[in-house]
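A look at the structure
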Amino acid sequence: MWPPNPRPFYKICRGKVHPWSFKGSKSIKQGQTNVFCEAGFCRRIATFGDCFSEFGEESSRKSIQKQIVDALYLDDRGRASTMLSELGRANNGLRADDFVDILRYCATSPDPLFAMETWKIMEEKEIGLDNISSLLMTRALCKGGHLDEAFSLINFIGEKHGMNPSLDVYNSFLEACSKVRSLIHANKCLDLMVQRMSGKNEVTYMQLLKLAVCQRNLSAVHEIWKDFTKLYSPSILSLQNLIQSFTRLGDVNSACGTLQYMVSLTLQGGYTSIRSTDGGRLYSSRLDIPIPSNVKSSLQGFCLKEKNEQFFPLMADVYANNIEQSTISISRNEVQCVGLNQTKGVPTMKVLKSSFGDVIHACAQTQNYRLAEQLMLQMQNLGVQPSSHTYDGFVRAVVSERALSMACSRNLELDLAEALLDQISYYHDSHPYNDFLKACDAMDKPERAVRMWATMKRLKIQPDIRTYELMFSLFGNVNAPYEDGNMLSQVDCAKRINAIEMDMRRNGIQHSHLSMKNLLKALGAEGMTRELIHYLRMAEDLFCGSNTYLGTPIYNAVLHSLVEAGESHLAIEMFKNMKSSGCRLNAATYTTMIDCCSTIQCYKSASALVSLMLRDGFDPETATYTALIKIPLEDGNFDEAVNLLHRGISKGIQPDVLLYNTILRKAWERERIDVIELIVEQMHRDKIKPDSATCSVVFSTYVQRGYHDTAMEALQILSMRMIGEDDEFQEKRAEYEDDFILSEDPETHLRILEYFGGPEENIVVALLNLRWCAIAGLPISWCPNESLWARRLSSNYDSTFRRIPR
């Protein structure tokens, strides 16, 4: 326990005045110089004998204690240790109080080694630790990461001194356990508390909640709260802790229910015991006297009312299953009568603001934007001003992926988000704006991002690196995906990138790995090979100059762009340089180079790369087999391509539509209908939805051979399979059939594009295809597997092809 040469890891606090020095003097503000120390005010007293002769015994001990603390603040540990030893030898009437200032410094710094040195002196003098010194000693050891020594101290106090440490000591230890997520130490402490019948107070339960969150144990949170309410009536601060626990574990219903109970408690005057320190820390002034709650403990089943129901705070049966509580129906005038806006309610308003923000952020995580809207309305009714953190969470909830994917609502949700950002223009925080830009990127709406960028400029919102990462992703390349760059688009791309980088320099922001990766991907998409290599060298100089590794993903992005551009020799040279320089290759690196081998038609090199990949511990992935299959396909060897496909399936890969489309595209070029029908049926059996490329290839193959009726039938079946398993579409298929597929409105195709535009490209293509089939006279059937074409493919597959077991 006492290392012979303990390594000190204390803070350097030169020129800093500790809070218990120079009593009666004015506090030194931040940035001022400690003139007392510089002038030699705190010089060491020559001898302890002079000290004891000049002052009384007790005042001398206090003076020496202060000198030790001064020496520690001045980073003179040698002098501090010497004076500590002298203090231990100076007098036999020492008490724990004579070391309390030293231990307080050790707990604040923290300095666990000097705390243990002090404890050793106290043990030699047989000075028992009282509650204050034992608490400070425990905090010093815990903050310094010495949980084993802290637990030994707690155990030692009870065994040797026969004194059960106060609950503050146990709570301090449990708090340290939650910070370092050490459940082992926490369980030891709880066992010791049970053994010594220490009991629990409100702080203990709050620390237990933190430990349950560390363990990701939602049921434990409910059990802890159930046990807590058997002894205590919940306070607003304890409810705040419970809300934080629920939100961090993703239980939005329980968090919202607890929040509504907090609002109810507040309106009933529960805020009167909340106080705020000068530093702004909130605390409860009520006595720690167990008073069991008069409600049951389960907080599940809260539900908010619809907007048209005039209940406040927008809830009815607060506890749906286990708690019977009357509906709260309070107007805004009644809220104001309670006095929440008065000075005494300010601390509670802080708690409400924080708790509402936590729940709204949880709504963003669970993509529950409707609940977030109701909570924002409730804050308005209460007069609680949302913080920028709350607005950030609300924007995240509004532009969440689930909201964006709902039919007919995506543009409306972006409208709502944009309107909200206009309302909070007084918050100069870039996070909500970044979320909006991210949504524009996901929905392929760069025009809306341009408008928001102009708004940020007008409001002088300071962008951060995340803003520019999204800007390169949104505006870096000019052409749509799968379109080759040309001279005009390349010039435009260079202008955009230059403009974004100039703005970065004006704001003093350097490239991050992601911003540079997005920039390089934009150049690669436009086929700007020379600029791509130029920026790669710039990135190497930038990040190597700051001793930062450029990163394999960036090299992989450049490597992929070179292969896509047909620059095989540059790709091979770069791959060799990556290996020779010790760059950490990954599965994506090898897959890209295997794709390069398919371009130069070298199966031997591809096989060698697979061997290297396996040797480095990377199993071939779906993309790897896609690249491998391209090689025999170039020679028209479909049998080998299908064998590779089945080999990958037998190895456990999950085939995707891109893999199947690779075979279909080559079969279309050689008009191999037999291969196309085989792959289409296998896709269906593997439950891989076709996409627009699948439909195009299959339709074109039949048309080329003159099978026009079969081409239309296949197009209809594949289009239905694109959306046939979508639950939401199935529920609304009658509506969609009338409004889109069979509509006689000549502008229907434009409404389809507006309705489902953005990331739902497959639904757009499917609806347009089905509309075209309907115009051509094909009846709509929502049982695609019952068609003659589908049954023929299934029968041929069973009779001519033996499935390889997974």
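Here the structure is a predicted model, which means the values were calculated and not measured.

Conventions we followed
Residues numbered from 1 in each chain as written. Predicted model: local features only at pLDDT ≥ 70, side-chain atom pairs only at ≥ 80, totals over all residues. Heavy atoms only, no water. Helix = DSSP H or I, 4+ residues; strand = E, 2+ residues; numbered from the N terminus. Buried < 20%, exposed > 50% of the residue type's maximum accessible area, 1.4 Å probe, protein only. Contact = heavy atoms within 4.5 Å. Areas by Shrake-Rupley, 256 points an atom, 1.4 Å probe, with all protein chains shown as cover. Salt bridge = Lys/Arg side-chain N within 4 Å of Asp/Glu carboxyl O. Core = buried A, V, L, I, M, F, W, Y, C linked by side-chain atoms within 4.5 Å. Expected span 1.5 Å × (residues − 1). pLDDT = per-residue confidence, 0-100. Disulfide = S-S within 2.5 Å. Phe/Tyr/Trp six-rings, centres within 6.5 Å; stacked < 30°, edge-to-face > 60°. Axes fitted to C-alpha atoms, helices over the stretch in contact; angles between N-to-C directions. Parallel < 35°, antiparallel > 145°, perpendicular 65-115°, else oblique. Left-handed = near helix turned anticlockwise from the far one by under 90°. Nonpolar A, V, L, I, M, F, W, Y, C, P; charged D, E, K, R; others polar.

Details of the overall build of the chain
If you tally the helices and strands in the chain, you get 41 helices and 2 strands. The buried share among the 806 residues of the chain stands at 49%. Within the chain, contacts between residues at least 6 apart in sequence are counted, and of these 68% link residues at least 24 apart. About 39,600 Å² of surface is accessible on the chain, with carbon and sulfur atoms providing 50% of the total.

Section: the pattern of salt bridges
For the coordinates displayed, the defined rule picks out 18 salt bridges. Here Lys-666 and Glu-634 are joined by a salt bridge, their closest N and O atoms 2.9 Å apart. With a gap of 32 residues between them, Lys-666 in helix H33 (residues 657-669) and Glu-634 in helix H31 (residues 622-634) connect regions that are remote in the sequence. Relative accessible area serves as the criterion here: at 17%, Lys-666 is assigned to the buried category. Owing to a relative accessible area of 35%, Glu-634 belongs among the partly exposed residues under this scheme. One salt bridge connects Glu-681 with Arg-685, and the closest N-O pair in it is separated by 2.8 Å. Of the two residues, Glu-681 and Arg-685 are both situated in helix H34 (residues 673-685); the distance of 4 residues between them amounts to about one turn of the helix. What makes Glu-681 buried here is its relative accessible area of 3%.

Some words on the nonpolar core
Within the largest apolar cluster, 214 residues are counted, with the highest numbers of intra-cluster contacts made by Ile-68, Phe-99, Phe-173, Leu-375 and Trp-789. Here Trp-789 is in contact with Glu-677, Val-680, Val-698, Tyr-702, Thr-710, Glu-713, Ala-714, Ile-717 and Leu-718, once residues within four sequence places are set aside.

Structural notes on helix H9 (residues 167-180)
Over its 14 residues, H9 extends 20 Å from the first C-alpha to the last, a length consistent with the 20 Å expected when each residue adds 1.5 Å. Taken as a whole, H9 has its buried residues at Val-169, Tyr-170, Asn-171, Ser-172, Phe-173, Leu-174, Ala-176, Cys-177 and Ser-178. A positive phi of about 55° marks Arg-181, the residue just after H9.

Focus: the confidence of the model for the chain
Any segment with low pLDDT has predicted coordinates that should not be analysed in fine detail. Put simply, the chain has an average pLDDT of 77, and 76% of its residues get 70 or more. Predicted confidence in the chain is weakest over helix H1 (residues 35-38), with a mean pLDDT of 34, and strongest over helix H35 (residues 692-704), with 94. Counting interchain partners and residues more than four positions distant, the pLDDT-below-50 stretch residues 295-339 has 99 contacts. In this model residues 404-409 is a low-confidence stretch, pLDDT under 50, and it forms 13 contacts with partners more than four residues away in sequence or in other chains.

A closer look at the state of the cysteines
Applying the stated rule across the entire model yields 0 disulfides. Counting only cysteine sulfurs, Cys-773 is the nearest neighbor of Cys-695, a cysteine outside any disulfide, at a range of 9.3 Å. On the basis of relative accessible area, Cys-695 is assigned to the buried category, the value being 2%.

A short note on the packing of aromatic side chains
Within this structure, the stated rule accounts for 11 aromatic pairs. Here Phe-151 and Phe-173 contribute two aromatic rings whose centre-to-centre distance is 6.0 Å and whose plane-to-plane angle is 45°, an arrangement assigned as tilted. One end of the pair, Phe-151, is in helix H8 (residues 147-160); the other, Phe-173, is in helix H9, with 22 residues separating them in the sequence. Each residue in the set Tyr-205, Trp-225, Phe-228 and Tyr-232 is aromatic and connected to the rest through ring pairs, giving one cluster.

Notes on unusual backbone geometry
Residue Pro-110 is bonded to the preceding Ser-109 through a cis peptide linkage, with omega at -10°. Its location among the elements puts Pro-110 in the loop between helix H5 (100-108) and helix H6 (112-124). Of note, Asp-75 is a non-glycine position whose phi angle comes to about 65°, a positive value. Its location among the elements puts Asp-75 in the loop between helix H3 (57-73) and helix H4 (77-90). The phi torsion at Arg-181 lies on the positive side, around 55°, for a residue other than glycine. Mapped onto the elements of the fold, Arg-181 is located in the loop between H9 and helix H10 (183-195).

Some points on helix H7 (residues 131-143)
Helix length check: H7 (13 residues) gives 18 Å between terminal C-alpha atoms against 18 Å at 1.5 Å per residue, within 8%. Looking only at H7, the buried set comprises Ser-133, Ser-134, Leu-135, Leu-136, Met-137, Thr-138, Ala-140, Leu-141 and Cys-142.

Brief notes about the packing of H9 against helix H11 (residues 202-214)
Where H9 contacts H11, the axes come no closer than 9 Å and their chain directions differ by 15°. In terms of orientation, H9 and H11 fall into the roughly parallel class. Here the hand of the crossing between H9 and H11 comes out left-handed. Residues Leu-167, Asn-171, Leu-174, Glu-175, Cys-177 and Ser-178 of H9 form the contact with H11, whose participating residues are Val-203, Thr-204, Gln-207, Lys-210, Leu-211 and Cys-214. Partitioned by chemical class, the residues of the contact of H9 with H11 number 6 nonpolar, 4 polar and 2 charged.

A few points about the packing of helix H32 (residues 638-650) against H33
Contact geometry for H32 and H33: axes closest at 11 Å, N-to-C directions at 175°. Accordingly, the angle class assigned to the pair H32 and H33 is roughly antiparallel. Between H32 and H33, the residues in contact are Phe-638, Leu-645 and Ile-649 and Leu-659, Tyr-660, Ile-663, Lys-666 and Ala-667, respectively. Per-class residue counts for the contact of H32 with H33 are 7 nonpolar, no polar and 1 charged.

As for the environment of Ile-465
Mapped onto the elements, Ile-465 comes out in helix H23 (residues 465-475). The class for Ile-465 is partly exposed, based on a relative accessible area of 26%. The contact partners of Ile-465, leaving out residues within four places of it in the chain, are Met-504, Ile-509, Gln-510, His-511, Ser-512 and Ser-515.

So, the environment of Ile-775
Within the secondary structure, Ile-775 is located in helix H40 (residues 761-775). Its relative accessible area of 62% is what places Ile-775 among the exposed residues. Ile-775 sits 31 residues away from Glu-744 along the chain, and the two C-alpha atoms are 9.6 Å apart.

Thoughts on the environment of Glu-117
Tracing the chain through its elements places Glu-117 in helix H6. Note on Glu-117: relative accessible area 26%, which makes it partly exposed.

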